[in-house]
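Residue-level structural notes
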2 protein chains.
Amino acid sequence: MALKARVLYDFSSENPGEISIAENELVTLYTEEEFDGWFEGENHRREAGLFPATYVEIIRSDVSPNNNNNGPSTGFESQSQSQSQYDNSVRSSAVDISKASPPPLAAYPTPAQQPPQRGSYQTSQGSDDDWDDDWDDQSTATEDTASVASGRPSTYMVTTSLPGPGGQQAKSSATVGRNLNRFSTFVKSGGEAFLLGEAAAFVKDGDRICVVMGQCGPEWQKNPYPFSCAIDDPKKQTKFKGMKSYMSYGLTPTLTNVQVNRRYKHFDWLYARLVERFPVISVPHLPEKQATGRFEEDFITKRRKGLIWWMNHMSSHPVLGRCDVFQHFLTCGADEKAWKLGKRRAERDEMVGANFFLTISPPVVPLDLQEVESKIEGFKSFTKRLDENIVVVNTTINEFARKQITGFKKEYQRVGQSFRLLGQAFEMDQQAYSAGLNQALAYTGEAYETIGEYFAEQPRQDLDPISDLLDLYRGHLANYPDIIHVQKGALTKVKDCQKSDADLHNRCNIISCATLAEVQHFHRTRVRDFRSQMQHHLSQQILFFQKITAKLQEALQKYDE
Amino acid sequence: MALKARVLYDFSSENPGEISIAENELVTLYTEEEFDGWFEGENHRREAGLFPATYVEIIRSDVSPNNNNNGPSTGFESQSQSQSQYDNSVRSSAVDISKASPPPLAAYPTPAQQPPQRGSYQTSQGSDDDWDDDWDDQSTATEDTASVASGRPSTYMVTTSLPGPGGQQAKSSATVGRNLNRFSTFVKSGGEAFLLGEAAAFVKDGDRICVVMGQCGPEWQKNPYPFSCAIDDPKKQTKFKGMKSYMSYGLTPTLTNVQVNRRYKHFDWLYARLVERFPVISVPHLPEKQATGRFEEDFITKRRKGLIWWMNHMSSHPVLGRCDVFQHFLTCGADEKAWKLGKRRAERDEMVGANFFLTISPPVVPLDLQEVESKIEGFKSFTKRLDENIVVVNTTINEFARKQITGFKKEYQRVGQSFRLLGQAFEMDQQAYSAGLNQALAYTGEAYETIGEYFAEQPRQDLDPISDLLDLYRGHLANYPDIIHVQKGALTKVKDCQKSDADLHNRCNIISCATLAEVQHFHRTRVRDFRSQMQHHLSQQILFFQKITAKLQEALQKYDE
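Described in the following lines is the structure provided in the data block.

Rules behind the numbers
- Residues numbered from 1 in each chain as written.
- Chains lettered and ligands numbered in written order.
- Predicted model: local features only at pLDDT ≥ 70, side-chain atom pairs only at ≥ 80, totals over all residues.
- Heavy atoms only, no water.
- Helix = DSSP H or I, 4+ residues; strand = E, 2+ residues; numbered from the N terminus.
- Buried < 20%, exposed > 50% of the residue type's maximum accessible area, 1.4 Å probe, protein only.
- Contact = heavy atoms within 4.5 Å.
- Areas by Shrake-Rupley, 256 points an atom, 1.4 Å probe, with all protein chains shown as cover.
- Pairing = 2+ DSSP bridges.
- Axes fitted to C-alpha atoms, helices over the stretch in contact; angles between N-to-C directions.
- Phe/Tyr/Trp six-rings, centres within 6.5 Å; stacked < 30°, edge-to-face > 60°.
- Buried area = accessible area lost by both parts, 1.4 Å probe.
- Salt bridge = Lys/Arg side-chain N within 4 Å of Asp/Glu carboxyl O.
- Polar contact = N/O pair within 3.5 Å; in protein donor to acceptor, adjacent residues only side chain to side chain.
- Nonpolar A, V, L, I, M, F, W, Y, C, P; charged D, E, K, R; others polar.
- Parallel < 35°, antiparallel > 145°, perpendicular 65-115°, else oblique.
- Least-squares fit on C-alpha atoms with pLDDT ≥ 70 in both.
- Expected span 1.5 Å × (residues − 1).
- Bend = angle between axes of the 7 residues up to and from the residue.
- Left-handed = near helix turned anticlockwise from the far one by under 90°.
- Disulfide = S-S within 2.5 Å.

A few points about the overall build of chain A
Secondary structure summary: chain A contains 14 helices and twelve strands in total. By the burial criterion, 55% of the 561 residues in chain A qualify as buried. Contacts in chain A between residues at least 24 apart in sequence constitute 74% of all its contacts with a sequence separation of at least 6. About 24300 Å² of surface is accessible on chain A, with carbon and sulfur atoms providing 49% of the total.

Shown next as structure tokens:
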């Protein structure tokens, strides 16, 4: 006998493979098995396809058809942790689920915007040797890889919209309904589960994260043991008698002053742990992977500079900088056993996703949620504009760098060559009184050629670092739509709740405190970074023009000799 | 009965309208009248056309056919002064003589070379109002114009070659034959006439020009009363109740400290006098004429700068600076009568052309003519190379100026705008601690835009003056082929003379002394001008980069506030 289900909410198909279903309609399920949150079946118009599993309630003999006040519960709890990690490159379902996912909505639909490449972290198993070659514990490689899969999609394009029907149609429920969009970041991050009181875990003292009330609102409690970490020039290492080679970075945290060696794949693994662990914290993106040319000097230099920026953001973050997995990464030495132990512990950490919020200790006085909403709205506009403008700035300074390396250099060198030519013509005349001028002209020619070189070398000193910083910030800005999403999801749920629910409020307050603390941290870091980078840039430019001036002064002196 | 002539030398037609004639051939003349040195007639092949008048001897009953040892003498002496000024734009012969002139040979056949526009001085009677409008003495206007016609062609292109047949074929004569190319600068300048002892005039003491022996060879005796002359911004003047307008330049020579007013046409008239008067002196070219837009600010500024350079070269020249006509030009006030008197005197000056050489007092010890030849050869190569290289330098710095005005400016302004954009995005965040950074970014943006303006304004300060100087020198270099030509013509004549002729040697020595003194003056002036111009350029560049540095330092300070 065909398995039937009652439709709880209207669903309009928006992608091929989906079918539209209407509230109260009875649909036929082909199987009770869910494919990543979707059922396959047939509607009353005999159209076959996919629809969201949470939009229907399976009709069973032992369940009263009226008992739907808490929404469908089909395997939701058990799946919320393990399956929230949506990554179709890891799953290998018989049905191509990826095609059927609800229509992604670009958070900031600006045409100029291109999500930074590094944003699309997937622990690929193929092209990048640096990652691909054997992990220290071969037997767990597959499991590792799967769990590493990005906890939330970190580009704009895969950010899903706030639930359409959920908010409005769940009003009939007593307190507040579930978010019906299984792909919503709010759901995937564990934000919803926490808000609905479904998170439960034992919080160790060491895991507790305090949010304090600062002058400008909630702030992460400062790290009482601030530190930094140096990254040495990477060394090329080989294994299997030279069959495999990789780059190894020496990290020396000021905490221990002991150098540890890490490969890019270790950074990558760490990144995946952090993303999974901290739903409303913007984990800085790693510098981009590059499959070929990994040992080329330019790439190595660029990646190292990127890792330095990354490390700088990690170590100065009050929460990320102190977390166990990062500390393990920074301090665990060459002891294989200790490394594996820490690695396993991190991978089995229970405080990921929804449970993360359990670790937050908010300030005593709860926030005014309306104020929170307005702050978040302001921040959203801010990030949108900043992202747009960073694109322009980055394009401009890269173009400026290119012009200096090519055009400016060429112009000065041509002028130099033409002064030399003048001197060469003058040398044909053997008048003794012209000799000084001839030499001075030759020197001037040389000086201009040198100045051309100065122009070509300069961007590396003062434009590239700005570009690197902008790349890092584009990574952060790519994280924020999801963070804002979680926050907004929580606020919407509280608004939708008709009865005042103190627990719900408290939990929303915790999410808000964490989000605003992270926003505050972002602003402080931004002001610090851009101030120091602009100072660096201008200082370098000043040195550059002084160097040119000195060269010209040298040339000028030759005319007195 | 047809007028016959015997052909003295082979002549090969090289242009349409010319006919070839062979030595000893009898040709028929259509008329005894010469057209600018050419006869029209028929050869033995019955071809009709033009051939050089000096290549034939008219057969008359009263002349022995053997009496040709001194070459043809048909009206040569009487024409050498008045008709040596070859300018087909002034003459209006019924036959288009200009087409029949012997093939011009480019002295320096470098493809890149373009004779400077200003080089082609012809006192046009048409387009340039500045010149065209009435002269102070209407009745002599035509006569003036005719005599103003360039004494020697001042571009490379119309420089004629050394006489082909003349040198070799005149060997039969007792001492030395005439140059048979009537268009040769050697002939036109009066160099040949002087060398052959045909110049004769009374030299006043005031006209005497001393060449002294300096460390580096013959030099013009220094002007014992050195002076300079300021040129004020020109004022627009009108006459005929505003119907006509012209620009008037106030000149204040240090000799009198009295300002006189001169128009461009006065400069032009003076230039023509000088060219006619001084065959082996390089008269600096005037800044180019411009028919339209004469009152536009840019043109006025450019012309004034050109005139300042011109005046600088004139007043610092030991011969030109002291000559009567220039002194008259500089010191004659508003008295119309005095002006006309000086003008007439200059126009009737007998010491032009060949007679100029009579005014030269050479050093006691005559020069070694072989050494002179080698020096002149060296100078010829030098001017050739210098001219080539000046073309490259001028192209390069003009292109550099254009890049600074357009590309460089745009790049810096774009960077400025992008820094502003960053500041504007940051302003959307209301954090108080970001305000200082936002303002600093706005200031930095402004600073870069200002630096862009600096780049655009700079070429006017330090590249344009070099370009002006190069233009002036291209004018001088355009003069030298002719000067070298006169010198070489004299040396060739002396070599061709089989008997040692003391007078010929003495006269060649005078020409050589004058030429080498002028060459020496050129070198001294060149070293002076290029040294000071390069010093000016580098000083301006230093100030420019210091200005940029100061602007960046201001911007940098804003980040501390």
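What about the sheet that holds strand 6 (residues 209–214) of chain B?
All names here are of chain B. Pairing in this open sheet of three strands is mixed, and the strands run 7-6-12 from one edge to the other. Looking at the sheet topology across the chains shown, the edges are occupied by strand 7 (217–220) and strand 12 (360–361). As paired elements, strand 6 and strand 12 share two bridges and run parallel to each other. In the sheet register, Ile-209 faces strand 12, and the bridge partner there is Ile-360. Across the sheet, helix 14 (residues 502–558) touches strand 6, strand 7 and strand 12, and the angle it forms with strand 7 is around 75°.

Points about the packing of aromatic side chains
The geometry of an aromatic ring pair is captured by the separation of the ring centres together with the interplanar angle, meaning the angle of the planes. All names here are of chain A. Under the defined criterion, the tally for this structure stands at 60 aromatic pairs over all chains. When the centroid spacing of 6.1 Å and the interplanar angle of 85° are considered together, the rings of Tyr-249 and Phe-267 count as edge-to-face. With Tyr-249 in strand 10 (residues 244–253) and Phe-267 in helix 7 (residues 264–277), this pair connects stretches of sequence that are 18 residues apart. The buried category is assigned to Phe-267, whose relative accessible area is 0%.

A look at the interface of chain B and chain A
It is common to report an interface's size as the accessible area lost on association of the parts. The interface is formed by 63 residues belonging to chain B together with 63 residues belonging to chain A. A buried area of about 6100 Å², summed over both sides, lies between chain B and chain A, and 72% of it is on carbon and sulfur atoms. Our count for the contact surface shared by chain B and chain A stands at four salt bridges. Along the contact surface separating chain B from chain A lie 20 residue pairs in polar contact (both at pLDDT 80 or more). Going through the elements one at a time, helix 11 (369–427), helix 12 (435–462) and helix 14 of chain B are the ones with two or more residues in the side of chain B that touches chain A. Per element, the largest residue contribution to the side of chain B that touches chain A is 25 residues, and it comes from helix 11 of chain B. When the residues that make up the side of chain B that touches chain A are grouped by side-chain class, the tally is 34 nonpolar, 18 polar and eleven charged.

Some words on the packing of helix 11 (residues 369–427) of chain A against helix 12 (residues 435–462) of chain A
Residues and elements named next belong to chain A. Packing of helix 11 against helix 12 brings their axes to within 7 Å, and their N-to-C directions diverge by 175°. By the angle between their directions, the pair helix 11 and helix 12 is classed as roughly antiparallel. Of the residues assigned to the contact of helix 11 with helix 12, the class counts are 16 nonpolar, ten polar and six charged.

Comments concerning the relation of the copies chain B and chain A
Superposing chain B onto chain A takes a rotation of 180° plus a shift of 0.0 Å along the axis, which leaves an RMSD of 0.2 Å. Such a turn and shift between the copies fits a two-fold axis. Taking C-alpha positions as reference, the residue of chain B nearest the rotation axis is Phe545(B), located at 3.0 Å. Both copies contact each other with a shared surface, as 100% of the interface residues of chain B are interface residues in chain A too.

Re the side chain of Arg277(B)
Mapped onto the fold, Arg277(B) is located in helix 7 (residues 264–277). Setting aside residues no more than four positions away along its own chain, Arg277(B) makes contact with Asp207(B), Asp349(B), Met351(B), Val352(B), Gly353(B) and Phe356(B).

Digging into the sheet that holds strand 5 (residues 56–58) of chain B
All names here are of chain B. In space, the five strands of this open sheet follow the order 4-3-2-1-5, with antiparallel pairing throughout. If you trace the sheet from one side to the other, it starts and ends with strand 4 (48–52) and strand 5, each paired once. Within the sheet, the average angular offset between the axes of one strand and its neighbour, ignoring direction, is 45°.

Some details on the environment of Ile58(B)
Turning to its location among the elements, Ile58(B) is positioned in strand 5. Its relative accessible area of 8% is what places Ile58(B) among the buried residues.

A closer look at helix 13 (residues 464–496) of chain A
Residues and elements named next belong to chain A. Taking 1.5 Å of rise per residue, the 33 residues of helix 13 would be expected to cover 48 Å, and the 48 Å separating its terminal C-alpha atoms lies within 8% of that figure. Of all bends in helix 13, the biggest is about 30°, found at Tyr-480, and the proline Pro-481 comes one to four residues later. Most of helix 13 is tucked away, with 29 of its 33 residues classed as buried.

As for the packing of helix 7 of chain B against helix 9 (residues 324–331) of chain B
Residues and elements named next belong to chain B. The geometry of helix 7 relative to helix 9 is characterised by a closest axis approach of 10 Å and an angle of 165° between their N-to-C directions. Between helix 7 and helix 9, the interaxial angle falls into the category roughly antiparallel. Considering how the two elements wind past one another, helix 7 and helix 9 form a crossing that is left-handed. For the pair formed by helix 7 and helix 9, the contact residues are His-266, Phe-267, Trp-269, Leu-270, Arg-273 and Leu-274 on the first element and Val-325, Phe-326 and Phe-329 on the second.

A short note on the state of the cysteines
All names here are of chain B. Counted according to the given criterion, the structure contains zero disulfides over all chains. Free cysteine: Cys-210, not disulfide-bonded; nearest cysteine sulfur from Cys-513 at 11 Å. With no disulfide of its own, Cys-323 lies 14 Å from the sulfur of Cys-229, the closest cysteine sulfur. For Cys-323, a relative accessible area of 10% gives the class buried.

As for the pairing of strand 6 of chain B
Residues and elements named next belong to chain B. Pairing of strand 6 with strand 7 involves four bridges; the strand directions are antiparallel. Paired with Gly-214 across the strands is Gly-217, a residue of strand 7. Linking two consecutive strands that pair antiparallel, namely strand 6 and strand 7, is a turn of two residues.

Notes on unusual backbone geometry
All names here are of chain B. Phi at Asn-24 is positive, roughly 75°, even though this residue is not glycine. Following the sequence through the fold, Asn-24 ends up in the loop between strand 1 (3–7) and strand 2 (26–29). Positive phi, normally seen in glycine, also occurs at Asn-257, with a value near 60°. With respect to the helices and strands, the residue Asn-257 is situated in the loop between strand 10 (244–253) and strand 11 (260–263).

A look at the side chain of Asp207(A)
With respect to the helices and strands, the residue Asp207(A) is situated in the loop between helix 6 (191–195) and strand 6 (209–214). Those residues in contact with Asp207(A) that lie beyond four places of it in its chain are Arg277(A), Asp324(A), Met351(A) and Thr359(A).

Some thoughts on the pattern of salt bridges
All told, the structure shown has 48 salt bridges over all chains when counted by the stated rule. Close ionic contact of Glu399(A) with Arg402(A) constitutes a salt bridge, the shortest N to O distance being 2.9 Å. One end of the pair, Glu399(A), and the other, Arg402(A), are both in helix 11, three residues apart, so they sit about a helical turn from each other. Using a relative accessible area of 44% as the deciding quantity, one classes Arg402(A) as partly exposed. Residue Glu449(B) pairs with Arg420(B) through a salt bridge whose shortest N-O separation is 2.6 Å. Taken together, the residues Glu449(B) in helix 12 and Arg420(B) in helix 11 connect sequence positions 29 residues apart. Here Glu449(B) falls in the buried class, since its relative accessible area comes to 19%. Bridged by salt links that share partners, the residues Glu399(A), Arg402(A), Lys403(A), Glu411(B) and Arg414(B) form one connected network.

Describing the environment of Phe51(A)
Residue and element names in this part refer to chain A. Inspection of the secondary structure assignment puts Phe-51 in strand 4 (residues 48–52). Given a relative accessible area of 0%, Phe-51 falls into the buried group. The spatial distance from the C-alpha of Phe-51 to the C-alpha of Cys-508 is 30 Å, given a sequence separation of 457 residues. Excluding anything up to four places from it in sequence, Phe-51 contacts Phe-11, Ile-19, Ile-21, Val-27, Leu-29, Gly-37, Trp-38, Phe-39, Glu-40, Gly-41, Glu-42 and Val-56.

Here's the deal with the environment of Asp387(B)
Inspection of the secondary structure assignment puts Asp387(B) in helix 11. The spatial distance from the C-alpha of Asp387(B) to the C-alpha of Cys323(B) is 29 Å, given a sequence separation of 64 residues.

These figures come from the coordinates and say nothing about function on their own.
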